[in-house]
There are 2 protein chains.
Amino acid sequence: MKINVIKSVLDASDALASVNRGRMDAVGLTCINILSAPGSGKTTLLEKSLPMLPAGVRTAVLVGDLQTTRDAERLEHSAAQVVQINTGNGCHLSPSQIEKGLDALDLTAIDYLFIENIGNMVCPAAFDLGEHRRAVLLSVPEGDDKVAKYPTLFQKADVILLTKIDLAELLEYNFDRVYDDLSRINTAAPVLRLSMRTGEGLDAWLDWLIAQRPAKQ
Amino acid sequence: MKINVIKSVLDASDALASVNRGRMDAVGLTCINILSAPGSGKTTLLEKSLPMLPAGVRTAVLVGDLQTTRDAERLEHSAAQVVQINTGNGCHLSPSQIEKGLDALDLTAIDYLFIENIGNMVCPAAFDLGEHRRAVLLSVPEGDDKVAKYPTLFQKADVILLTKIDLAELLEYNFDRVYDDLSRINTAAPVLRLSMRTGEGLDAWLDWLIAQRPAKQ
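So, here is what we can say about the structure in this document. The residue numbers shown here count from 1 along each chain, following its written sequence. Lettering for chains starts from A, numbering for ligands starts from 1, and both go in the order in which the items are written. The predicted nature of this model means local features are confined to residues of pLDDT at least 70 and side-chain atom pairs, given and counted, to a pLDDT of 80 or more, with totals for whole chains, interfaces and linings taken over all residues. The side-chain quantities take in all heavy atoms of the structure and omit both hydrogens and water.

With that settled, the discussion passes to the overall build of chain A. A count of helices and strands for chain A gives eight helices and seven strands. The C-alpha radius of gyration computed for chain A amounts to 17 Å, which stays within 12% of the reference 17 Å derived for 217 residues, consistent with globular compactness. Considered along the principal axes of its C-alpha atoms, chain A spans approximately 55 × 45 × 35 Å. Contact definition: two residues touch when any of their heavy atoms are within 4.5 Å. Considering only intrachain contacts with a sequence separation of at least 6, the fraction spanning at least 24 residues in chain A is 73%. The accessible surface values rely on the Shrake-Rupley method and a 1.4 Å probe; as for residues, cover is taken only from the protein chains in view. Total accessible area on chain A stands at roughly 9100 Å², and carbon and sulfur atoms take up 52% of it. Elements are defined by DSSP. Helices are runs of H or I of four residues or more, strands are runs of E of two residues or more, and each kind is numbered from the N terminus. For the radius of gyration, the atoms used are the C-alpha atoms, and the globule rule reads 2.2 Å times the number of residues raised to 0.38.

Written as structure tokens, this is what we have:
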């Protein structure tokens, strides 16, 4: 009985995610859902990299947080449109929240829509929001043991960003352990090493982003 | 209707948490639920500090993780009894999982039982497991903006541990911002600064632990 309830909730959620995806496909925008633990650097990544996209590329962000508009305020100079979604006690963004977010945006003026999900390695991984791609961040200070401990998050990633790599030497971070764990659950997603302090890896992230967008007719 | 379902789930959960607390009270043990984001240093804190407790103090740990027994293996030399609880896709420990954990322990041989919750700043905060105290960790690399963004977690804390403070200068961490945010939601819990690399703050954490335990007759 309990399983049936959960299944029907996820079925309804997936159906609404498909509606969201259809709306975005209709205007030809590319949607990227960004997931990670709290403090892995999702906002900083967007803040620094979106202004580096080629001139004329139009971006928007739906920013999820339990409380505050701090992240939206940080992003207002990096993207043309920013909408904050506060979930209260909600541990992940839902397709219905994204639906309302889409209503609040001018979809015809967007090439890339980024969804900055709630900082949480567990719950957001279970919910399709209608995105086209998933980017998962794992920051060096979180430790090199997290891939095997939170496998669902990494299994569903289309790209994996190892962030704050400038701290790797100081923290004696074992990259091989991460790659070894990933080799068992996701060999398709490229793994990029980034530091927002030094700028290392930003080019590779921008190249990946550009490659996700089908050439316009 | 949906709200009623959630309420009855939480009522049943709270009832079982009270049963757990009753079992622990009956044998006179003190239970501390440890919560934080992934990679804040919960396991390292226990690994380093439990062997520093006064001789004769008997400890046990219930370790929650989605997958793997890595944390339990790390703790086997630090506590006399360690039980790993794997939740699969579960985003928090539940009172029924703690009930099974209590069944697996020799409760009469424990002074302190630590529950290392799932690394998640959202869901674990909503669930009483039957603990007597809550310790919440916030690591410096996660950023100084997290208290206001995850208020429920910090509101319910009995002690707050700022960890990895050896990175504070390098990361230009603003302690005042953290204290300012805390002053609005929780003025009762002491805030301790810790570094497991330098050992700073371990004494204060041990003093706090010892103060939570009623003197034996």
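Having seen the model, we can carry on.
Let's shift gears to the pattern of salt bridges. Residue and element names in this part refer to chain A. What makes a salt bridge here is a side-chain nitrogen of Lys or Arg within 4 Å of a carboxyl oxygen of Asp or Glu, nothing more. For the coordinates displayed, the defined rule picks out 32 salt bridges over all chains. Between Arg74 and Glu47 there is a salt bridge, and its shortest N-O distance comes to 3.0 Å. One end of the pair, Arg74, is in helix H3 (residues 70-75); the other, Glu47, is in helix H2 (residues 42-49), and 27 residues separate them in sequence. Classification of Arg74 as partly exposed rests on a relative accessible area of 30%. Only protein chains enter the calculation, and the probe is 1.4 Å; a residue is then buried if its accessible area is under 20% of its type maximum, exposed if over 50%, and partly exposed in between. Overall, the relative accessible area of 26% leaves Glu47 in the partly exposed class.

When chain B is fitted onto chain A, the two copies agree to an RMSD of 0.0 Å after a turn of 180 degrees and an axial shift of 0.0 Å. Taken together, the turn and the small shift mark the pair as related by a two-fold rotation axis. No C-alpha of chain B approaches the rotation axis more nearly than that of Asn120(B), which lies at 2.9 Å. With an isologous cut-off of 70% or more, the 100% of interface residues of chain B that recur at the interface of chain A puts this contact in the isologous class. To line up the copies, we fit them by least squares on C-alpha atoms, keeping just the residues with pLDDT of at least 70 in both.

All right, on to empty space enclosed by the protein then. Buriedness for pockets is judged along seven lines, at least five of which must meet protein on both sides within 12 Å for an open set on the 1 Å grid over protein atoms alone, while cavities are sets there where a 1.4 Å probe fits but cannot get out, and lining residues have an atom within 4 Å of a point. Grid points are joined across faces, edges and corners, and a volume is the space filled by probe spheres set on the points. A full pass over the atoms with the stated rule returns one cavity of 30 Å³ or more. Considering only enclosed or pocket space, the largest cavity measures out at about 50 Å³ in volume. Along its surface, the largest cavity is lined by Pro38(A), Gly39(A), Ser139(A), Pro141(A), Glu142(A), Lys164(A), Pro38(B), Gly39(B), Ser139(B), Pro141(B), Glu142(B) and Lys164(B). Of the residues contributing to the lining of the largest cavity, the split by class is four nonpolar, four polar and four charged. Any residue that is not Ala, Val, Leu, Ile, Met, Phe, Trp, Tyr, Cys, Pro, Asp, Glu, Lys or Arg is counted as polar, Gly included; the first ten are nonpolar and the last four charged.

Attention shifts here to the pairing of strand S4 (residues 112-116) of chain A. The side chains of a regular strand alternate between the sheet's two faces. All names here are of chain A. Where burial is concerned, most of S4 is hidden: five out of the five residues are buried. Here S4 shows no split at all, with Tyr112, Phe114 and Glu116 on one side and Leu113 and Ile115 on the other all buried. Looking at chain direction, strand S1 (residues 30-35) and S4 are connected through five bridges and run parallel. When the bridges of S4 are listed, Asn33 appears paired with Ile115. Bridging between strand S2 (residues 59-65) and S4 involves five bridges; their strand directions are parallel. Any two strands between which DSSP finds at least two bridges are classified as paired.

Looking now at the nonpolar core. Formed by 88 residues in total, the largest nonpolar core has its most connected members in Leu113(A), Phe154(A), Leu113(B) and Phe154(B). Among all residues touching Phe154(A), those that are not within four sequence positions of it are Met121(A), Val136(A), Leu138(A), Lys146(A), Val147(A), Ile160(A), Leu182(A), Ile185(A) and Asn186(A). Only buried residues count toward a nonpolar core. Its members are Ala, Val, Leu, Ile, Met, Phe, Trp, Tyr and Cys residues joined through side-chain atoms within 4.5 Å.

Strand pairing in a sheet takes place through backbone hydrogen bonds and is either antiparallel or parallel in direction. All names here are of chain B. Taking strand neighbours across the sheet as the criterion, the seven strands line up as S3-S2-S4-S1-S5-S6-S7 in an open arrangement whose pairing is parallel. Lying at the two open borders of the sheet, with one neighbouring strand each, are strand S3 (81-86) and strand S7 (191-193). When the angles between neighbouring strand axes are averaged without regard to direction, this sheet yields 20 degrees. Here strand S2 (residues 59-65) runs beside S3; their pairing, made up of six bridges, is parallel. Only the stretch in contact is used when fitting a helix axis, every axis being a line fitted to C-alpha atoms; angles between N-to-C directions are given from 0 to 180 degrees.

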